[in-house]
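# Tertiary structure, described
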Amino acid sequence: MDSPQFTRIYGMEAQRLHGFFLRMLGSDPQLVADMVQEAMTRLWEHRESVEGHPPETARPLIYTIAHNLCRDHWRRQAVRLEAGDDDADKALGRLAVEPDAPLRMDRETFADALRRVTAALPPEQRMLYALRYEQELSLADIAAIFHIPEGTVKSRLNALTQKLKQRLSQYVR
């Protein structure tokens, strides 16, 4: 991949990656910026994988890299938490959805509830949600990122959908 092609890929994906890392790792702007930079650096190091292909074909590789970076970050966080972080629940994003929430709401209220519920998901489920429903990757691309069969992706998405339905059930009329 030459420099202009990389620049084009960077232009297409950097903002999406920023949103992805923001969703996966929290709102620390420096951490998010560092992760975007690291992902793009690793893409450049693996540029032969996408060389000669349309820029869009780099997306699965980019999100494989992003997935690995998030997993590494979560592992480091888990070590810190096991070492005695008093804010473990806060750091893991544990949020409770109020069972008494009003049934009547507008789209913004629902979107906020969905954000809170997805933030409370375990990291791997949160990543699966983000890759499928926010980044709109195909099942095949997600399977390649997680190194699992496509059928497993489908079953995990089904389980995730059921969990979200259960946790957001108070918003169903």
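What comes next is a walk through the structure. (Residues numbered from 1 in each chain as written. Predicted model: local features only at pLDDT ≥ 70, side-chain atom pairs only at ≥ 80, totals over all residues. Heavy atoms only, no water.)

### Notes on the packing of aromatic side chains
- Tallied over the full model, the rule gives 5 aromatic pairs.
- An angle of 45° between the planes, with centres 6.5 Å apart, marks the rings of phenylalanine 6 and tyrosine 10 as tilted. On the criterion of helical spacing, the pair formed by phenylalanine 6 and tyrosine 10 is a turn pair, its members being 4 residues apart in helix α1 (residues 3–25).
- Phenylalanine 6 gets classed as buried once you look at its relative accessible area, which sits at 15%.
- With centroids separated by 5.1 Å and ring planes inclined at 75°, the aromatic side chains of phenylalanine 6 and tryptophan 44 adopt a geometry described as edge-to-face. Placement of phenylalanine 6 in helix α1 and of tryptophan 44 in helix α2 (residues 29–45) is noted, with a sequence separation of 38 residues between them.
- For the cation-ring pair, arginine 47 lies above tryptophan 44, with the distance from its terminal atom to the ring centre recorded as 4.2 Å. (Phe/Tyr/Trp six-rings, centres within 6.5 Å; stacked < 30°, edge-to-face > 60°. Helix = DSSP H or I, 4+ residues; strand = E, 2+ residues; numbered from the N terminus. Buried < 20%, exposed > 50% of the residue type's maximum accessible area, 1.4 Å probe, protein only. Lys NZ or Arg CZ within 6 Å of the ring centre and 35° of its normal.)

### Describing α1
- Along α1, the largest kink reaches about 40° and is centred on glutamate 13.
- For α1, the set of buried residues is Gln5, Phe6, Ile9, Glu13, Ala14, Leu17, Phe20, Phe21, Met24 and Leu25.
- Downstream of α1 by a residue or two, glycine 26 has a phi angle that is positive, lying close to 105°. (Bend = angle between axes of the 7 residues up to and from the residue.)

### Regarding the environment of isoleucine 142
- Within the fold, isoleucine 142 resides in helix α7 (residues 139–146).
- Expressed as a C-alpha distance, the spacing of isoleucine 142 and tyrosine 63, which sit 79 residues apart in the sequence, is 8.6 Å.
- When sequence neighbours within four positions are dropped, the list of residues in contact with isoleucine 142 reads Leu128, Leu131, Arg132, Leu137 and Val153. (Contact = heavy atoms within 4.5 Å.)

### Some words on the nonpolar core
- Formed by 45 residues in total, the largest nonpolar core has its most connected members in Leu17, Phe20, Phe21, Tyr63 and Leu131.
- Within the residue set of this core, elements represented by two or more residues are α1, α2, α3 (59–82), α5 (107–119), α6 (123–134), α7 and α8 (150–167).
- Looking at this core element by element, the count peaks at 8 residues for α1.
- The residues contacting phenylalanine 21, other than those within four sequence positions of it, are Gly26, Val32, Met35, Val36, Ala39, Ala66, Leu69 and Cys70. (Core = buried A, V, L, I, M, F, W, Y, C linked by side-chain atoms within 4.5 Å.)

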